[in-house]
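# What the coordinates show
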Amino acid sequence: MSSLSRELVFLILQFLEEEKFKESVHKLEQESGFFFNMKYFEEKVHAGEWDEVEKYLSGFTKVDDNRYSMKIFFEIRKQKYLEALDRQDKAKAVEILVNDLKVFSTFNEDLYKEITQLLTLSNFRENEQLSKYGDTKTARSIMLIELKKLIEANPLFREKLVFPTLKSSRLRTLINQSLNWQHQLCKNPRPNPDIKTLFIDHTCTPPNGALAPTPVNIPTAAVAKPAAYPSLGAHGPFPPTAAAAANANALAGWMVNAATSSSVQAAVVTASSLPVPPNQVSILKRPITPPATLGMIEYQNADHEQLMKRLRPAQSVEEVTYPTVRQQASLSLDDLPRTVAFTLHQGSAVTSIDFHPSHHTLLLVGCSSGEITLWEAGIREKLVSKPFKIWDIQACTLAFQASAAKDAQFSVNQVTWSPDGTFCGAAFSKHLIHLYAYAGNDLRQHLEIDAHVGGVNDIAFAHPNKQLCVVTCGDDKMIKVWDLTGRKLFNFEGHEAAVYSICPHQKENIQFIFSTAVDGKIKAWLYDNMGSRVDYDAPGHWCTTMLYSADGSRLFSCGTGKDGDSHLVEWNESEGAIKRTYSGFRKKLNGVVQFDTTQNHFLAVGEDSQIKFWDMDNINILTSTDADGGLPSLPRLRFNKEGNLLAVTTADNGIKILANASGMRSLRAVEAPPFEALRSPLEAAAMKVSGSSVANVAPKVERNSPVRPSPILNGVDSMARSMEKPRVLDDVNDKVKPWQLTEIVDPVQCRMVTMPDSTDAAIKVARLLYTNSGVGILALGSNGIQKLWKWVRNEQNPTGKATASVTPQHWQPNSGLLMTNDVSGVNLEEAVPCIALSKNDSYVMSAAGGKVSLFNMMTFKMMTTFMPPPPTSTFLAFHPQDNNIIAIGMQDSTIHIYNVRVDEVKSKLKGHQKRITGLAFSTTLNILVSSGADAHLYIWSIDTWEKRKSVPIQLPAGKAPSGDTRVQFHTDQIRLLVAHETQLAIYDASKMERIRQWVPQDALSAPISCASYSCNSQLVFATFCDGNIGIFDADTLRLRCRVAPSAYLPQSILNG
């Protein structure tokens, strides 16, 4: 069944539900198999209507479809069997045993025999496993919990458990829209139409009795509003709805007008056919193909429906409007970056350039030699240069390996930054894309993908479902979407020629992609694998690039036709038609022009060895410049996001930087970034002092400061500059820029707050953690008692988040309960306290040498205790996707995977030789990483709990493999922070390769006691056994700041 038909079924289901046709609703649910109504299913299970339960299930799955389905049917039939036994209805029980349960005997004969033996018991509860069976109602409720879990886990029910979000009476709305549409086509529309039937199309009878013309099926977007008449919704067979004047839609217009290039006979509407103003006649003369079926435009998926409403501002479907001239802030020629500031000498032909989205003088460059370069334009220096190489040829396809061996020449087709500037990507002339992580003026190899057969012509970043992804297109006519681990998420097919460019975009919460091919076709895609929504011709019918204005409100394209004529146009999204064609191209070209937009006001195109500028609202060229000469015939160009700098390629393999007055100032102001700039707002706020920040404190650099050069480069082991292979020190020495270390040694240099009711010197704080929401701090004392402090939202702290500017409150429930662990019989001096908080801050579990206790964070009530010693628990972690599953590291070196709901250890993981000291889950990689006092890391599969890999920590020579090792995942769920008393290290957990290492030295030479990522994973905070605190860049592990004990400890403690 097609997607449109499927959605029509949902509309009918909604209609039946609203009209109270209850039986029909559930019959259609079962027969279509599109929506599993869990509420209805629960009702029937509670009522014990087993025949109806199985009949309803049969619309979605059969007994032998998979193990989940088998378990579902078994649980239902077993319950039916037990209820018959409980009623002492042995005849019915035998019937169920023979007719319903016999099918399972082939899979588990012993179980079937055991079930059969229940017939011999006067009360089946005499069986030990059924001894806890209560009354029928309770048994059904317990079974239903298990059934719901099985259904949710069953892939056959995927995407069938949630009814699409629809506005009420959606089917009625569509019919009203159709009637409005039909009424618009009436030659003599009556102000109060009399509609008596839906069985035939509506027409208004002409006053003279003549027959009305047959309605023409044309889309509303192309029909002008007839001379005043009220909305039909008020007079039609259904109550008026908002949809009677629903939003027209941009992509709908593209879809309809796209059909002009198809082979279907198009209906032509002329000026005489409809009562329209003269200035609207031209748009109605365009040939428009009617939809093949009623509601073709509307019956798309949910995202498409939203896109239909949101791609442009709301307006009535009954009218065609033309946007007025936009009100712009006053801009002049002086706002254009036209003054040449300087030239950067690249050394090889530049094929692509892109400015960093937030560091406005940072320029990424791709070359015909395959080299990737990162320039700091402010200081006119190359920060990083990455010659082309294949990172892992064995991971590539055999076809690519063969072609790469024949021809080793690779060039860069496109470079681009991710929207937040944390990643950049390069598309190459053959098969490959490379992704780099940007950190500390360095590019670290992140991912290599053999993406397309032939050249990869464009690369861009997008955020479907709030997940950063990479979009690529290539010579193989495909568009592909990848996540940052290299997994392919979508594969869009439909172009009939090589795809030349892509333009991912978002309107509110709707994500889509425009693509253009070398045959001049434009297509649009939603992230749903349902095919292109657009098939339209670009001007020139050849290579075209599409771009939105900075605010996302206006769409432009620029390209060159096979005849050499260039075209720069603005599109009317609502019509899928060209709104404005810019003039000023005077020369036939042999290549393809490139363009860019800036400040929501200007367009720039490189052509005829010049840069030509247009005002977006004027088709005539505004001005041009040759940038003091030396430009190629078709220069490539790119504005920075501020619009005050413009980079343009030169004929002698260089890049000219043009600037306006603001740009000149920004170039002069470039210097090493202060430490403050690297902090998240939360961290920066915590460091403020009396209106000043740490960045304003004069940095002190001493001879023994870790900022000075050392044999391992500021404590960072420079092997593994990439995620793939170790790199030698010489490869990075020339790329490291010195900076000054911020040292905080005095209390006046920082702001500090002490938790109330936390000064009992007899009780040590054994474990400390923030709540996941960032509004509280949870502490576990050495006596096994937990305390919680919360920040209150008020005028001084409007966000209610943790801050050193406001003192938090010691929080307790009204009951006065304390979260107290059982420590009876425990030697607290030897105990290893441990604590973990659930993802939604609802539950906390902890132990202090005794049982593990689970507490409700709202009431502080102890929910349960489990895992009594021996052995004792030494580390705890909640499964990130199920609070009922807990990983428990033990003193005896094992890890127990415990299910709280059923009070059962599901798996016991063995491998470590000493106690477990750390556990960390990655949902991206689907793994659990464990660390132990044996200085080893183990990787376990979350699906099977099988061991995947074991990695020893590289300890200094002569150091015994011992000491606590802690692990924590970066927010990307791929990089792993490993802290040991001898080192900090960053691992790529997908391969468990170490990519960074820092060892204690100089002012921070004491053993490391603890380390943690900041909340945004930009920094690493490490504490040392001598009281020092080090703050490191999370990507490079370079020391940014040292906080001395004298800054936060009382003098009495410092004096011993």
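For the structure, check the block above.
Rules used in this analysis
- Per chain, residue numbering runs from 1 following the sequence as it is written.
- In keeping with the predicted nature of the model, local features appear solely for residues at pLDDT of at least 70, side-chain atom pairs appear and are counted solely at 80 or more, and the whole-chain, interface and lining totals rest on all residues.
- As a convention, hydrogens and water are excluded, and side-chain values are obtained from all of the structure's heavy atoms.
- Starting at the N terminus, helices and strands are each numbered in turn, a helix being any DSSP run of H or I of at least four residues and a strand any DSSP run of E of at least two.
- Burial status follows relative accessibility: with a 1.4 Å probe on protein chains alone, a residue under 20% of its type maximum counts as buried, one over 50% as exposed, and anything between as partly exposed.
- Here, residues are in contact when the closest pair of their heavy atoms is within 4.5 Å.
- Computed by Shrake-Rupley with a 1.4 Å probe, the accessible areas treat only the displayed protein chains as cover when residues are assessed.
- Pairing between strands requires that DSSP locate at least two bridges from one strand to the other.
- Between N-to-C directions, angles cover 0 to 180 degrees, with each direction set by a line fitted to C-alpha atoms, over the stretch in contact for helices.
- Side-chain atoms within 4.5 Å are what join buried Ala, Val, Leu, Ile, Met, Phe, Trp, Tyr and Cys residues into a set we call a nonpolar core.
- Two N or O atoms count as a polar contact when they lie within 3.5 Å, although within protein this holds only if one can serve as hydrogen donor and the other as acceptor, and sequence-adjacent residues are included solely when both atoms are side-chain atoms.
- A helix is expected to reach a length of 1.5 Å times the quantity of its residues less one.
- When a carboxyl oxygen of Asp or Glu is within 4 Å of a side-chain nitrogen of Lys or Arg, the pair counts as a salt bridge.
- Under the pairing criterion, centres of Phe, Tyr and Trp rings, with the six-membered ring standing for Trp, must be within 6.5 Å; the plane angle then separates stacked pairs below 30 degrees from edge-to-face pairs above 60, leaving the rest tilted.
- Two conditions define a charge sitting above a ring: the NZ of Lys or the CZ of Arg must be within 6 Å of the ring centre, and it must be within 35 degrees of the ring normal.
- Put simply, angles under 35 degrees are roughly parallel, angles over 145 are roughly antiparallel, angles from 65 to 115 are roughly perpendicular, and the rest are oblique.
- Rotating anticlockwise by less than a right angle from the far helix to the near helix defines a left-handed crossing, while the corresponding clockwise rotation defines a right-handed one.
- Following the grouping adopted for this structure description, the nonpolar residues are Ala, Val, Leu, Ile, Met, Phe, Trp, Tyr, Cys and Pro, the charged ones are Asp, Glu, Lys and Arg, and the polar ones are all others, Gly among them.
- Excluding any residue in a salt bridge, patches collect residues exceeding 30% relative accessible area, merging like charges within 9 Å and nonpolar Val, Leu, Ile, Met, Phe, Trp and Tyr side chains within 5 Å.
- Working note: the arc is built from the helix axis to C-beta atom directions.
- Cysteine sulfur atoms are paired as a disulfide whenever they fall within 2.5 Å.

Here we come to the overall build of the chain. Each helix and strand in the chain was counted, giving 17 helices and 54 strands. By residue count, 52% of the 1056 residues in the chain fall in the buried class. Contacts in the chain between residues far apart in sequence, at least 24 positions, make up 54% of those at least 6 positions apart. Accessible surface for the chain amounts to roughly 47,300 Å². Of this, 52% is attributable to carbon and sulfur atoms.

Through backbone hydrogen bonds, the strands of a sheet pair up, either in parallel or in antiparallel fashion. Strands sit in the order E18-E19-E20-E21 across an open sheet of four strands; the sheet is antiparallel. One side of each edge strand has no neighbouring strand; the edge strands of this open sheet are strand E18 (543–548) and strand E21 (577–582). Between one strand and the next, the sheet's axes are offset by a mean angle of 30°, whatever the strand orientation. Taken together, the six bridges between E18 and strand E19 (residues 555–560) define a ladder with antiparallel strand orientation. Bridging from a neighbouring strand, Thr-545 pairs with Cys-558 of E19.

With that settled, the discussion passes to the pairing of strand E10 (residues 456–462). Burial analysis of E10 places seven of its seven residues in the buried class, the great majority of the element. Where E10 meets strand E11 (residues 469–474), six bridges bridge the pair, whose relative direction is antiparallel. If you follow Ile-459 over to E11, its bridge partner there is Thr-472. Adjacent in sequence and paired antiparallel, E10 and E11 are bridged by six residues, among which Asn-465 carries a positive phi angle near 55°.

Core analysis: the largest hydrophobic core is formed by 39 residues, its most contacted members being Phe-36, Phe-41, Leu-57, Tyr-81 and Leu-101. Those elements that provide at least two residues to this core are helix H3 (38–47), helix H4 (50–57), helix H5 (67–86), helix H6 (90–101), helix H7 (109–117) and helix H8 (136–153). With residues near it in sequence (within four places) discarded, Leu-101 still touches Phe-74, Arg-77, Lys-78, Tyr-81, Ile-96, Tyr-112 and Ile-115. Counting residues in each nonpolar core, the second largest holds 21 residues, with Leu-362, Leu-383, Cys-424 and Leu-443 among its members.

Relative to the elements of secondary structure, Thr-373 occurs in strand E4 (residues 372–376). The contact partners of Thr-373, leaving out residues within four places of it in the chain, are Gln-346, Leu-363, Leu-364, Val-365, Lys-382, Val-384 and Ser-385. Within the structure, Thr-373 has its side chain in polar contact with the side chain of Gln-346 (distance 2.8 Å).

Sheet architecture is open: four strands sit in the order E47-E48-E49-E50, paired in antiparallel fashion. This sheet does not close on itself; its edge strands, each paired only once, are strand E47 (965–969) and strand E50 (993–998). Adjacent strand axes in the sheet meet at a mean angle of 25° when their direction is disregarded.

A separate point is H5. Relative to the 28 Å expected for 20 residues at 1.5 Å per residue, H5 spans 28 Å between its end C-alpha atoms, a close match to the ideal helical length. Burial analysis of H5 places 15 of its 20 residues in the buried class, which makes it a mostly covered element. Its side-chain oxygen 3.0 Å from the backbone nitrogen of Tyr-68, Asn-66 forms the N-cap of H5. Following H5 by one or two positions, Gln-88 adopts a phi angle in the positive range, close to 60°.

To continue, consider the pattern of salt bridges. According to the stated counting rule, one finds 33 salt bridges in the structure shown. Arg-996 serves as the salt-bridge partner of Asp-442, at 3.6 Å between the closest nitrogen and oxygen. Of this pair, Asp-442 sits in strand E9 (residues 442–450) while Arg-996 sits in strand E50, placing them 554 residues apart in sequence. Comparing Asp-442 with Arg-996 shows no difference in burial state: the two are buried. When the shortest N-O distance is used, the salt bridge between Asp-537 and Lys-521 registers 2.8 Å.

Before going further, it helps to spend a moment on the side chain of Gln-786. Mapped onto the secondary structure, Gln-786 falls in strand E32 (residues 785–790). A residue is classified by how much of its surface remains accessible, and Gln-786, at 1% relative accessible area, is buried. Among the polar contacts listed, one links the side chain of Gln-786 to the side chain of Ser-846, at a separation of 2.5 Å. When residues no more than four places from it in sequence are discounted, the contact partners of Gln-786 are Ala-779, Leu-780, Met-819, Asn-821, Ile-835, Val-844, Met-845, Ser-846 and Phe-855.

Our next topic: unusual backbone geometry. Cis geometry is adopted by the peptide bond preceding Pro-870, which originates at Pro-869 and carries an omega value of -5°. The topology assignment puts Pro-870 in the loop between strand E38 (862–866) and strand E39 (873–879). Look at Ala-935: it is not a glycine, yet its phi comes out positive at around 60°. Note that Ala-935 resides in the loop between strand E44 (927–932) and strand E45 (936–941). Even without being glycine, Gln-973 reaches a positive phi, approximately 65°. One can find Gln-973 in the loop between E47 and strand E48 (975–980). Note on Gln-973: relative accessible area 18%, which makes it buried.

This part covers the packing of aromatic side chains. Applying the stated rule across the entire model yields 30 aromatic pairs. Counting every residue linked through ring pairs, the aromatic cluster contains Phe-36, Tyr-40, Phe-41, Tyr-56, Phe-60 and Phe-157. Sitting over the ring of Phe-410, Lys-430 keeps its end group 5.1 Å from the ring centre.

It is worth spelling out the packing of helix H1 (residues 3–18) against helix H2 (residues 22–32) at this point. It is at 8 Å that the axes of H1 and H2 come closest, and there the two elements cross at 160°. In terms of orientation, H1 and H2 fall into the roughly antiparallel class. Considering the relative orientation of H1 and H2, their crossing is left-handed. Here Val-9, Ile-12, Leu-13, Leu-16 and Glu-17 of H1 lie close against H2, whose contacting residues are Lys-22, Ser-24, Val-25, Leu-28, Glu-29 and Ser-32. The class makeup of the residues in the contact of H1 with H2 is six nonpolar, two polar and three charged.

A word on the pairing of strand E37 (residues 852–856). Looking along a regular strand, one sees side chains alternate from face to face of the sheet. Burial analysis of E37 places five of its five residues in the buried class, which makes it a mostly covered element. Across the two faces of E37 the burial is the same, with Val-852, Leu-854 and Asn-856 and Ser-853 and Phe-855 all buried. Sheet topology note: the strand E36 (residues 843–847)/E37 ladder contains four bridges and is antiparallel. Among the inter-strand pairings, Val-844 is bridged to a residue of E37, identified as Phe-855. The hairpin turn running from E36 into E37, its antiparallel successor, is four residues long, and Gly-849 in that turn takes a positive phi close to 95°. Taking the residues between adjacent antiparallel strands as the criterion, E37 and E38 are bridged by five residues, where Phe-860 takes a positive phi near 65°.

Together, Leu-198, Phe-199 and Ile-200 give the surface a local cluster of nonpolar side chains, amounting to about 400 Å² of exposed area. Tracing the chain through its elements places Phe-199 in the loop between helix H9 (170–184) and helix H10 (250–258).

A separate point is the packing of H6 against H7. Between two packed helices, the angle of one axis relative to the other and the distance separating the axes together describe the packing. Across the interface, H6 lies against H7 with an axial gap of 11 Å and an inter-helix angle of 165°. Here H6 is positioned roughly antiparallel relative to H7, judged by the angle of their axes. For H6 against H7, the interelement crossing comes out right-handed. Residues Leu-97, Val-98 and Leu-101 of H6 lie in contact with H7, whose contacting residues are Tyr-112, Ile-115 and Thr-116. For the contact of H6 with H7, the class distribution of residues is five nonpolar, one polar and no charged.

Here we come to H3. Those residues of H3 that fall on the buried side of the exposure criterion are Met-38, Tyr-40, Phe-41, Lys-44 and Val-45. Down the axis, H3 shows its buried residues gathered within 160° of arc, on one side only. In this structure, the buried residues of H3 make contact with H2, H4, H5 and H8. Between the side-chain oxygen at the start of H3 and the backbone nitrogen of Lys-39 there is a gap of 3.2 Å, and the oxygen is on Asn-37.

Turning next to the environment of Val-978. As for its placement among the helices and strands, Val-978 is situated in strand E48. Separated by 34 residues in the primary sequence, Val-978 and Ser-1012 place their C-alpha atoms 9.1 Å from one another. In this structure, Val-978 is in contact with Leu-937, Ile-953, Thr-965, Arg-966, Val-967, Gln-983, Leu-984, Ala-985 and Tyr-987, ignoring residues within four places of it in sequence.

Attention now goes to the state of the cysteines. Within this structure, the stated rule accounts for zero disulfides. Unpaired in this structure, Cys-186 has its nearest cysteine sulfur neighbour in Cys-204, at a distance of 3.9 Å. For Cys-186, a relative accessible area of 6% translates into the label buried.

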